[in-house]
Structure formats: structure tokens, C-alpha cells
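# Summary of structural features
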Amino acid sequence: MKQKIIKKFKLRGYREKEFFKVLIYDSLEEMQKDASDYTKEKIVDTLGIVHPYTRIKIDPGKSEIQLHNIGIIRLVKDRLHTHIVAHELVHAAMWHYRLTQPNRRATFGKGVTEAEEAFGMIYAKYFSSMSRQLYRFGLWK
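Reading the values: the criteria
Residues numbered from 1 in each chain as written. Predicted model: local features only at pLDDT ≥ 70, side-chain atom pairs only at ≥ 80, totals over all residues. Heavy atoms only, no water. Helix = DSSP H or I, 4+ residues; strand = E, 2+ residues; numbered from the N terminus. Rg over C-alpha atoms; globule rule 2.2 N^0.38 Å. Buried < 20%, exposed > 50% of the residue type's maximum accessible area, 1.4 Å probe, protein only. Contact = heavy atoms within 4.5 Å. Pairing = 2+ DSSP bridges. Phe/Tyr/Trp six-rings, centres within 6.5 Å; stacked < 30°, edge-to-face > 60°. Lys NZ or Arg CZ within 6 Å of the ring centre and 35° of its normal. pLDDT = per-residue confidence, 0-100. Salt bridge = Lys/Arg side-chain N within 4 Å of Asp/Glu carboxyl O.

### Brief notes about the overall build of the protein chain
- Tallying secondary structure elements over the protein chain gives 3 helices and 6 strands in all.
- Against the compact-globule benchmark of 14 Å for 141 residues, the protein chain has a radius of gyration of 16 Å, which places it among compact chains.
- Summarising its shape, the C-alpha atoms of the protein chain cover approximately 45 × 40 × 30 Å along the three principal directions.
- Looking at the protein chain as a whole, 43% of its 141 residues are labelled buried.
- Excluding contacts between residues fewer than 6 apart, the proportion of contacts in the protein chain whose partners are at least 24 apart in sequence is 56%.

### Overview of the pairing of strand E6 (residues 69-76)
- Across the 8 residues of E6, 8 count as buried, placing the element largely inside the fold.
- Note that strand E2 (residues 19-25) and E6 share 7 bridges and pair parallel. Residue pairing across strands places Ile 24 opposite Leu 75, the latter belonging to E6.
- Direction of pairing for strand E3 (residues 49-52) relative to E6: antiparallel, over a ladder of 4 bridges. Across the sheet, the residue bridging to Val 50 is Ile 73, located in E6.

### Points about the packing of aromatic side chains
- Overall, the coordinates contain 6 aromatic pairs when judged by the stated rule.
- For the ring pair Tyr 123 and Phe 127, a centre distance of 6.1 Å and an interplane angle of 25° mean the geometry is stacked. Note that Tyr 123 and Phe 127 are positioned in helix H3 (residues 114-136) at a spacing of 4 residues, about one turn of the helix.
- Put simply, the rings of Tyr 123, Phe 127, Tyr 135 and Trp 140 touch in pairs and so form one group of aromatic residues.
- Here Arg 74 stacks its cationic end above the ring of Tyr 38, 5.3 Å away from the centre of that ring.

### A look at the confidence of the model for the protein chain
- Per-residue pLDDT for the protein chain has a mean of 89; in total, 95% of the residues score no lower than 70.
- Per-element confidence in the protein chain is highest for E2, whose mean pLDDT is 97, and lowest for H3, whose mean pLDDT is 87.

### So, unusual backbone geometry
- At Arg 15, a residue that is not glycine, the phi angle is positive and equals roughly 55°.
- Of note, Arg 15 is situated in the loop between strand E1 (5-11) and E2.
- Phi is positive for Lys 62, which is not a glycine, with a value near 70°.
- One can find Lys 62 in the loop between strand E4 (56-58) and strand E5 (64-66).

### Description of the pattern of salt bridges
- By the definition in use, this model includes 5 salt bridges.
- Between Lys 125 and Glu 16 there is a salt bridge, with the nearest N and O atoms lying 3.1 Å from each other. Here Glu 16 lies in the loop between E1 and E2 and Lys 125 lies in helix H3, a separation of 109 residues in the sequence. The residues Lys 125 and Glu 16 share a single accessibility class, namely buried.

Encoded structure:
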């Protein structure tokens, strides 16, 4: 029987607590089926997808504690092209940025601002870390 997920790993920026679970699939059909099962909607015409989420733990004192696992990135072994990986990492970085802002929103103006620079740094960390993982696992050469 063919294994549908060929590699799983955690992706985080440098010294970041928050992370995404990355799933690399053997085929596009398998990735789209799992994504559809996850969202309960038909996922087609996509070569990769990010499912962002917030996990909350309620402690005995009824305080909410946000957990560090913030989503799933689904990619396909033979579709690990730079533009696909970069595109999905933009979604991951935007989600991370939103979660780390006091108002939990990403607001970018017309010019390059501190907010845009902060977002760019989060994205760059994810892309750098993802690149190393894909090379390490022999999925990029």
C-alpha cells in the first residue's frame, strides 16, 4: 500500500515558539482529498494549502492559554516548486503575524512600515527554515 504522507515535520522561524505542522504528500490527489476531508469542502485546483488555526488550552482557573501549534501546511512531493512553497509560506507568515499582534489583525498601509518589515521578517524566517528542511529531507536538490 502506498503511503500518502511521505514526510511530516514542524516548521517555525528562528527562536519562534509558534509552529506549523508540514505534511508532504506523495500525490496531488491525496493532498486534495485530505484537505477536503479537513475543511469539509471540496478542495480542487490547488497545489498546496495552509490551514491556519488557533489552539487554546483552558487551565483549571479558566484562563485561556494559546498553544504554539498554529496550523497545517500541505504540499505535494512533485509540486515543491519555489513559487508554490513561497506562496503557501506567505499565508503561514500572515497568520503568524496576526496571532502575534495585540489586536490579532494584520494591517498594512501603502508604504513600507514597521508592520510590513515585521511581517517580512516572519516570512523570511519561515522560507529559510522550510528551504533547509526540504533540502535536508531530499525533497529539494
